[in-house]
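So the chains spell out like this:
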Amino acid sequence: MKSSAVRRHTTTTVLAAALTAALALSGCAKSEDDAAGDTSSSADDSGAGQVVATPSAGNAETCAIDRFGGEKSDLATATVGFSQSEKEANPFRIAETASIKAEAEKRGVKLLTANAQSQFSKQISDVQDLIAKGADLLVIAPLNSDGWGPVLRAAAAKNIPIVTVDRKINATPCEDYVSFIGSDFIEQGERAADRMIEATGGKGEVAILLGAAGNNVTTERTKGFKDRIAAEAPGLKVVFEQTGEFAREKGQQVTEQLIQSNPDITGIYAENDEMGLGAVNALKGAGKKPGDVKIVTVDGTRNAVRGIVDGWISGVIESNPRFGPLAFQTLDAFTKGEEVAQDIVIQDSAYTEENAESGLNKAY
């Protein structure tokens with residue numbers, strides 16, 4: 001049975017010293033307009049890999065295999081199962097899956113994959129199937145944060161370590177799972193708010209295109225944005241909030257409704273690039289010109305960064321999807337018996353008018 005000695009979550013922490021160096025990936029940087037099945041690299045991914053954020057002093061809860069349960073093993077001889085949550089029509093998901101596949105191939109590790117196609121019940125059965133097929137280790141990109149009990153029980157019965165990427169599950173680290181790897185989503189919301197304040201001069205009315213419900217990314221990106229706006233720009237009012245489900249088509253539909261009810265809206269905060277690009281399509285359809293409505297998004301896809309160059313988007317806060325190297329380094333260190341961080345928070349950059357054109361090769 002697994003120990004419950006280590007239970008506390010952290011917000012900004014790192015791997016053991018061996019994993020704190022910057023990571024560079026020769027993986028994927030694909031646009032939605034490219035074929036989802038193509039996992040080849042773009043022309044230039046230099047500088048595009050994930051970098052672990054520097055932790056606060058003494059704020060680094062860790063996990064080791066002796067506390068989690070199980071025995072040391074060799075990652076090179078293991079079978080890793082990867083569960084993708086969403087349809088790979090989204091560039092973030094394309095790049096994320098490609099990164100995992102590229103790193104597994106680079107290391108010669110057997111990889112089993114499954115895609116839940118944005119259906120949570122399917123993701124639960126997908127992971128159970130990966131376990132049944134012999135996965136020794138699991139990397140999961142969760143669709144939702146709750147509801148993982150059946151998977152956690154099945155994994156615990158076989159002492160299978162789990163690393164989650166890009167979204168958290170509501171469970172106990174170093175007992176139910178080993179580590180979470182992802183961004184500081186509250187900080188992303190705060191940085192998006194800072195960019196919106198700069199773009200609007202801190203005055204006017206703003207709409208939020210919310211991400212999908214049921215996960216920590218949407219909740220935290222919303223909190224960060226609204227709290228920062230309230231604290232720093234009282235003249236900027238959030239007057240509209242509706243989910244665009246992290247999808248371009250839905251983002252366009254919601255923005256079309258927004259324009260009807262709030263034709264003089266000042267700005268739109270889209271909690272991912274795809275919704276922001278949908279908003280651009282809606283504004284074009286309504287006869288708006290670039291810059292009439294300030295749009296700030298989160299992700300860092302090539303199409304969104306191109307939107308800055310073209311004047312339609314005012315800023316993009318990066319959320320780097322290239323989890324492959326860091327996920328496999330975490331599993332490698334853990335299976336060797338080394339301490340790894342329970343929360344591995346990555347640094348994200350941003351795109352503005354000043355660096356958008358030069359940053360297109362880094363975007364995915």
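Participant: For this particular structure, what's the right way to read the pattern of salt bridges?
Facilitator: When their charged atoms lie close together, side chains carrying opposite charge are able to pair. Summed over the entire model, instances satisfying the criterion amount to 20 salt bridges. Here Arg195 makes a salt bridge to Glu198, at a shortest N to O gap of 3.0 Å. Of this pair, Arg195 and Glu198 both sit in helix α5 (residues 185–200), separated by three residues, roughly a single helical turn. Looking at Glu198, the relative accessible area reads 59%, which means it is exposed. Two residues, Lys362 and Glu318, come together in a salt bridge whose shortest N-O distance is 3.6 Å. Here Lys362 is found in the segment after β15 (350–351), whereas its partner Glu318 is found in strand β12 (residues 315–318), with 44 residues between them in sequence. Beyond isolated ion pairs, a larger network of salt bridges with shared partners links Glu86, Arg93, Glu96, Asp166 and Arg167.

Participant: Would you take a moment to explain the sheet that holds strand β14 (residues 343–347) for this structure?
Facilitator: Strands pair in a sheet through their backbones, by hydrogen bonds, and they do so in one of two ways: parallel or antiparallel. A sheet is described by the order of its strands in space; here seven strands give the open sequence β1-β14-β7-β6-β5-β3-β4, paired in mixed fashion. Two strands in the sheet have a free side with no partner beyond their single neighbour: β1 (51–52) and β4 (110–115). Judged from the three bridges that link them, strand β7 (residues 179–182) and β14 form a sheet pairing that is parallel. Bridge pairing links Gly182 to Val345 in β14.

Participant: Help me out: how do you make sense of the pairing of strand β3 (residues 79–84) in this one?
Facilitator: Consecutive side chains of a regular strand alternate in pointing toward one face of the sheet and then the other. Most of β3 sits out of view: six of its six residues are buried. The two faces of β3 match: Thr79, Gly81 and Ser83 on one face and Val80, Phe82 and Gln84 on the other face are all buried. Here six bridges tie β3 to β4, and the two strands are oriented parallel to one another. Residue pairing across strands places Gln84 opposite Asn115, the latter belonging to β4. Considered for its hand, the β-α-β crossover made up of β3, helix α2 (residues 91–107) and β4 is right-handed. Both β3 and strand β5 (residues 137–140) contribute to a ladder of four bridges, which runs parallel. Looking at the pairing, Ser83 lines up with Ile140 of β5.

Participant: Can you help me understand the state of the cysteines in this one?
Facilitator: Simply put, the disulfide is a covalent bond whose two ends are the sulfur atoms of two cysteines. This model, assessed by the stated rule, comprises one disulfide. Across the disulfide from Cys63 sits Cys174; the S-S distance is 2.1 Å. Here the disulfide of Cys63 and Cys174 is right-handed, its torsion about the S-S bond being about 80 degrees. Note that Cys63 is positioned in strand β2 (residues 62–63) and Cys174 in the loop between β6 (162–165) and β7, a separation of 111 residues in sequence. On the basis of relative accessibility, which here comes to 1%, the residue Cys174 falls in the buried class.

Criteria and thresholds
Residues numbered from 1 in each chain as written. Predicted model: local features only at pLDDT ≥ 70, side-chain atom pairs only at ≥ 80, totals over all residues. Heavy atoms only, no water. Salt bridge = Lys/Arg side-chain N within 4 Å of Asp/Glu carboxyl O. Helix = DSSP H or I, 4+ residues; strand = E, 2+ residues; numbered from the N terminus. Buried < 20%, exposed > 50% of the residue type's maximum accessible area, 1.4 Å probe, protein only. Pairing = 2+ DSSP bridges. Right-handed = clockwise from strand over helix to strand, strands pointing away. Disulfide = S-S within 2.5 Å.

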